[in-house]
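# An overview of the molecular structure
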Amino acid sequence: MSISVVAIGKKHEKWAVDGIERYTQRLRKPYDLSWKLLPHSSRDGEAARAEESGRILGTIKPQDHVVLLDERGKNIDSPALAKHLQSQFDLGHPVVLVIGGAYGVDHELHARADFVWSLSKLVFPHQLVRMVLAEQVYRAQEISGGRPYHHV
Ligand SMILES: C[S@@+](CC[C@H](N)C(=O)[O-])C[C@H]1O[C@@H](n2cnc3c(N)ncnc32)[C@H](O)[C@@H]1O
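Residues numbered from 1 in each chain as written. Predicted model: local features only at pLDDT ≥ 70, side-chain atom pairs only at ≥ 80, totals over all residues. Heavy atoms only, no water.

- Per an unreviewed UniProt entry, the protein chain goes by Ribosomal RNA large subunit methyltransferase H and derives from Nesterenkonia aethiopica.
- Quoted verbatim from the Subunit (unreviewed entry) heading of the UniProt record, the comment on the protein chain is "Homodimer." (UniProt positions renumbered as here; feature names shortened; annotations may be inferred.)

### As for the packing of aromatic side chains
- For the structure shown, the criterion picks out three aromatic pairs.
- Taking 6.0 Å as the distance between ring centres and 35° as the angle between the ring planes, the aromatic pair formed by Y23 and Y138 counts as tilted. You can see Y23 sitting in helix α1 (residues 14-24) and its partner Y138 sitting in helix α5 (residues 126-144), a full 115 residues away along the chain. Each member of the pair, Y23 as well as Y138, carries the same accessibility label: buried.
- Taking the centre distance of 4.7 Å and the plane angle of 70° together, the rings of Y138 and Y149 count as edge-to-face. Note that Y138 is positioned in helix α5 and Y149 in the segment after α5, a separation of 11 residues in sequence. (Phe/Tyr/Trp six-rings, centres within 6.5 Å; stacked < 30°, edge-to-face > 60°. Helix = DSSP H or I, 4+ residues; strand = E, 2+ residues; numbered from the N terminus. Buried < 20%, exposed > 50% of the residue type's maximum accessible area, 1.4 Å probe, protein only.)

### Brief notes about the environment of R22
- Mapped onto the elements of the fold, R22 is located in helix α1.
- On the basis of relative accessibility, which here comes to 47%, the residue R22 falls in the partly exposed class.

### Quick word on the packing of helix α3 (residues 78-91) against α5
- Put simply, α3 and α5 touch, their axes get as near as 9 Å, and they point 80° apart. Comparing their axes, α5 and α3 come out roughly perpendicular. Of the residues in α5, those in contact with S78, P79, L81, A82, L85 and Q86 of α3 are Q136, R139, A140, I143 and S144.
- Of the residues belonging to the contact of α3 with α5, the class tally is six nonpolar, four polar and one charged. (Axes fitted to C-alpha atoms, helices over the stretch in contact; angles between N-to-C directions. Parallel < 35°, antiparallel > 145°, perpendicular 65-115°, else oblique. Contact = heavy atoms within 4.5 Å. Nonpolar A, V, L, I, M, F, W, Y, C, P; charged D, E, K, R; others polar.)

### Considerations on α3
- For α3, built from 14 residues, the straight-helix expectation of 20 Å at 1.5 Å per residue is met to within 8% by its first-to-last C-alpha distance of 20 Å.
- On its buried face, α3 is in contact with β1 (2-8), β3 (65-74), β4 (95-99), β5 (115-117) and α5.
- Measuring from the backbone nitrogen of A80 back to the side-chain oxygen at the start of α3 gives 2.9 Å, which picks out D77 as the cap.
- G92 sits one or two residues past α3 and shows a positive phi near 80°. (Expected span 1.5 Å × (residues − 1). Polar contact = N/O pair within 3.5 Å; in protein donor to acceptor, adjacent residues only side chain to side chain.)

Now the structure itself:
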């Protein structure tokens with residue numbers, strides 16, 4: 001069950017490391033979360049958006065199921081996320097979660113996305129999005145495994 005996060009920004013910042021580690025360490029096989037951190041553009045606005053989106057697209061393979069993180073996307077709850085991931089695993093598609101840079105992503109990357117996922121209408125800093133993803137992947141693992149981490 002390969003899940004990778006592709007994000008703009010070279011490394012996890014110090015304040016986010018503990019939160020990310022806390023959840024990724026609890027993942028057990030066959031769940032597997034890896035990170036591809038890509039450098040941000042030295043340009044601004046549209047030019048940065050295009051350059052960073054091109055870098056992200058360069059890491060994506062045809063069989064990947066691409067979930068783009070965007071506050072304008074669709075809201076889903078955690079059980080629905082767990083089902084969404086499980087259905088892709090069952091089809092044998094690696095899941096790629098994409099976090100854009102400061103200016104978001106361009107139309108080409110939007111067009112490649114199989115699903116556009118909004119965590120909230122609020123805009124979060126990308127380190128916080130990384131942390132939330134680590135926790136939600138762990139939560140999805142626990143929901144799919146029928147374990148009691150997720151109480152509703
Ligand atoms: C600082 S935000 C950039 C927001 C940028 N103004 C835009 O228009 O996309 C960096 C990235 O974090 C992710 N992000 C931030 N808030 C989000 C949210 N509420 N839901 C989903 N993704 C979010 C998106 O991938 C976004 O490209």
